[in-house]
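Structural overview
Here's the letter readout for the chains.
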Amino acid sequence: MADAASPSRHWRTTLIASTRRPRQEFHSLAPSIHRGSTVVFDRLADAVDDWQQTDRYTYGLYGTPTVLELGLRIAELEGARHTFLAPGGQAALALVYLAYCRTGAHVLLPANVYTPNLEIGRDLLTGLGVEIETYDPSIGAGIGARIRVDTALVWCESPGSITMEVPDVPAIVAAAHARGVAVALDNTYAAGVLFDAFAHGVDVSVQALTKYVGGHSDLLLGSISVRDEAAYARVGTAHRVLGMAVSPDDCGQALRGLTTLGVRLAHLERSTLQIAEWLRGRPEVATVLHPAFPECPGHATWRRDFTGSASVFSIVLADEWTAERVARLVDALRLFRIGFSWGGVTSLVMAYQGSSRIDARLRDRLVRLNVGLEEPADLIADLQQALERA
Ligand SMILES: Cc1ncc(COP(=O)(O)O)c(C=O)c1O
C-alpha cells in the first residue's frame, strides 16, 4: 500500500516518518507525561551535548519535560538550588556518598540511621577505601569532636525513622561547616516541607519520594536537593556519570501526589496524634515515641525546628512483653497491614526485633506504626482488639 501524502513512500516508512500530527498545544491540568530517550535537532549546530539541559533538551537520560518538572517542583518546595531525581530513595542516598567520598574519606552517620543507608558504606564503600563511623543521634555540637581531617560527609536523619529521635541538625551543621565538612540529611519524614533543610544549613536534602510525595504505595522514586553551586557540581557530576534515569510515568505520579500532599499531611498528622495519644493511655504501652510528645528524645528540637509531624511513630511495650507476645500483637492487627514502608494511604505496622538500630533493651518490644487515611476510630478499635488478643 502506498502513502497517500507521499505516494512514492512505502507504508513501512510512513509508520516511522508520519506527517500527521494533532494540534500540539494542550492546556490540561494533568501533568503531561513525556517519555523518550532520543531527542532530535533541526540542525547539527543545535546538537550541543549539554547534560544540564539548561536551555535545550539533549537526551532523555538527563530528563524529559516531565522529569524536569518534578525536579523543579521539589526544588521550589525545598528552596533548593536544584533537585536531582533518582530511581528510589536508596539510590538517592547512594548518590550522595558517591558525590562526596573518595578513597580515604571518613563518613559519620547516626547510629539510628535507615539501615540500608549504613549498608551503602559498610557493604560497598569500605571496599573502596571509605571509612564509616556511627554517632549518637543526640550528639548535637559534640559532632565537632568526631570530625577528622579526612571527614568528607556527615549524615543526619530527622527523626530517626524507627526510633524517632530528633537530632539538633543546626548544631551538627555549625560544627561540621566550621571544619569545612558537608552535611546531608535524609528529609523523608518531613516530606521536604515540615522541616526546612536549607534554612537550617544542610547542604544536601534527600527524600524517598516513595513515601509522602508518591503517597499511594505505587512508585519508587528519590530526590536529591542541593543548596548551592558547590553541592550542585558534586551531586550533578555523580548523577550524570551514574546514568540515574527515572521513569517519566513515575514522575507523573509524583507530580499528582504533590497536589494532594498538603491535605494528606494535615489529615495524617491529626489522625496520628489521636492514635498516639490513645496508645499513650494504654497500660500495655510503656512509651510512645512520637516527636510531638515530650518523652520522645529530641522533642524540644522538633518543636523549635519543625512545622508539623507526620504519620510514622513507634511504641515500646511494657517490660513484661516478650518478642513472641509482640509478634502476636502484630499478627492480630487487621487494618494495620504488616509492611516495611510508610507514607501511603494504608496503615502499616512493623516490629524490627533483630535491628541493631534499636537499643538492645527496647529491641524486642518496639513496634513502629504508620497511620494511613482510614478512620482513626477504626484504627484505634483495631489496636484495641489486637492488644487484648495478644
Ligand atoms: C528513612 C528512609 N530513607 C530512605 C528510604 C529508601 O527509600 P526507597 O524505598 O524509595 O528506596 C526509606 C525506605 O523505607 C526510608 O525509610
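A few words now on helix 2 (residues 65-78). Over its 14 residues, helix 2 extends 20 Å from the first C-alpha to the last, a length consistent with the 20 Å expected when each residue adds 1.5 Å. Looking at helix 2, one finds that the buried residues are Thr66, Val67, Leu70, Gly71, Ile74, Ala75 and Glu78. Summarising the contacts, the buried residues of helix 2 are in contact with strand 1 (82-86), strand 6 (204-208), strand 7 (222-226) and helix 7 (248-280).

What follows covers the site of the ligand. Taken together, 13 residues lie around the ligand, and Gly89, Gln90, Asp186, Thr210 and Lys211 are the ones closest in. One nitrogen or oxygen atom from the side chain of Thr210 is found 2.5 Å from an oxygen atom belonging to the ligand. Considering the ligand on its own, with 390 Å² of exposed area, one finds that the protein chains cover 89% of that surface. If one sorts the elements of the shell around the ligand by residue count, helix 3 (residues 89-100) sits on top with three residues. In the shell around the ligand, the residues fall into five nonpolar, six polar and two charged.

Enumeration over the complete set of coordinates arrives at eight aromatic pairs. Ring centres of Tyr189 and Phe306 lie 6.3 Å apart, and the angle between their planes is 70°; this geometry places the pair in the edge-to-face category. Residue Tyr189 is found in the loop between strand 5 (182-186) and strand 6, and its partner Phe306 is found in the loop between helix 8 (299-305) and strand 9 (312-317); the two are separated by 117 residues along the sequence. Classification of Tyr189 as buried rests on a relative accessible area of 2%. Ring pairing ties together the aromatic residues Trp51, Phe84 and Tyr232, which thus form one cluster. Here the guanidinium or amino end of Arg81 rests over the ring plane of Tyr232, the centre of that ring lying 4.0 Å away.

Turning our attention to the sheet that holds strand 3 (residues 131-135). The strand order across the open sheet formed by seven strands is 1-7-6-5-4-2-3, and the pairing between neighbours is mixed. Two strands lie at the open edges of the sheet, namely strand 1 and strand 3, each paired on one side alone. Taken over all neighbouring pairs, the strand axes of this sheet differ in orientation by 20° on average, direction set aside. Alignment of strand 5 against strand 6, held across three bridges, turns out to be parallel. Bridged to Asp186 within strand 6 is Val206.

With that settled, the discussion passes to the side chain of Ser347. Mapped onto the elements, Ser347 comes out in the loop between strand 10 (337-338) and strand 11 (348-351). Overall, Ser347 belongs to the buried group, its relative accessible area being 0%. One polar contact links the side chain of Ser347 to the main-chain amide nitrogen of Gly372, over a distance of 2.7 Å. Non-local contacts of Ser347, meaning those with residues more than four positions away in its chain, are made with Leu335, Phe336, Arg337, Asn370, Val371, Gly372, Glu374 and Leu379.

Largest kink in helix 7: about 55°, centred on Thr260. Where helix 7 begins, the side chain of Ser247 points an oxygen toward the backbone nitrogen of Asp249, at a separation of 3.1 Å.

In this section: unusual backbone geometry. Following Ser158, the chain continues to Pro159 via a peptide bond in cis, the omega torsion being -15°. Checked against the element boundaries, Pro159 lands in the loop between strand 4 (151-157) and helix 5 (169-178). Its identity is not glycine, yet Met164 carries a phi of approximately 70°, on the positive side. Position of Met164 relative to the elements: it lies in the loop between strand 4 and helix 5. In this structure, Ala191 is a non-glycine residue whose phi angle is positive, near 55°. Position of Ala191 among the secondary structure elements: in the loop between strand 5 and strand 6. Residue Ala191 is classed as buried on the basis of its relative accessible area, which comes to 2%.

Right, let's talk about the domain arrangement of the protein chain for a bit. Its domain assignment divides the protein chain into domain 1 (53-255) and domain 2 (261-389). Listed by partner, the interface residues are 32 residues for domain 1 and 33 residues for domain 2. Surface buried jointly by domain 1 and domain 2 totals about 2,800 Å² across both partners, of which 62% is contributed by carbon and sulfur atoms. Of all residues in domain 1, the largest losses of buried area upon contact with domain 2 belong to Ile162, Leu194 and Tyr212, amounting jointly to 28% of the total for that side. A salt bridge links Asp168 to Arg304; its shortest N-O distance comes to 2.7 Å. Within the side of domain 1 that touches domain 2, the residues separate by chemical class into 17 nonpolar, 11 polar and four charged.

Rules used throughout
- Residues numbered from 1 in each chain as written.
- Predicted model: local features only at pLDDT ≥ 70, side-chain atom pairs only at ≥ 80, totals over all residues.
- Heavy atoms only, no water.
- Helix = DSSP H or I, 4+ residues; strand = E, 2+ residues; numbered from the N terminus.
- Expected span 1.5 Å × (residues − 1).
- Buried < 20%, exposed > 50% of the residue type's maximum accessible area, 1.4 Å probe, protein only.
- Contact = heavy atoms within 4.5 Å.
- Near = heavy atom within 4 Å.
- Polar contact = N/O pair within 3.5 Å; in protein donor to acceptor, adjacent residues only side chain to side chain.
- Areas by Shrake-Rupley, 256 points an atom, 1.4 Å probe, with all protein chains shown as cover.
- Nonpolar A, V, L, I, M, F, W, Y, C, P; charged D, E, K, R; others polar.
- Phe/Tyr/Trp six-rings, centres within 6.5 Å; stacked < 30°, edge-to-face > 60°.
- Lys NZ or Arg CZ within 6 Å of the ring centre and 35° of its normal.
- Pairing = 2+ DSSP bridges.
- Axes fitted to C-alpha atoms, helices over the stretch in contact; angles between N-to-C directions.
- Bend = angle between axes of the 7 residues up to and from the residue.
- Domains from an automatic or database assignment.
- Buried area = accessible area lost by both parts, 1.4 Å probe.
- Salt bridge = Lys/Arg side-chain N within 4 Å of Asp/Glu carboxyl O.

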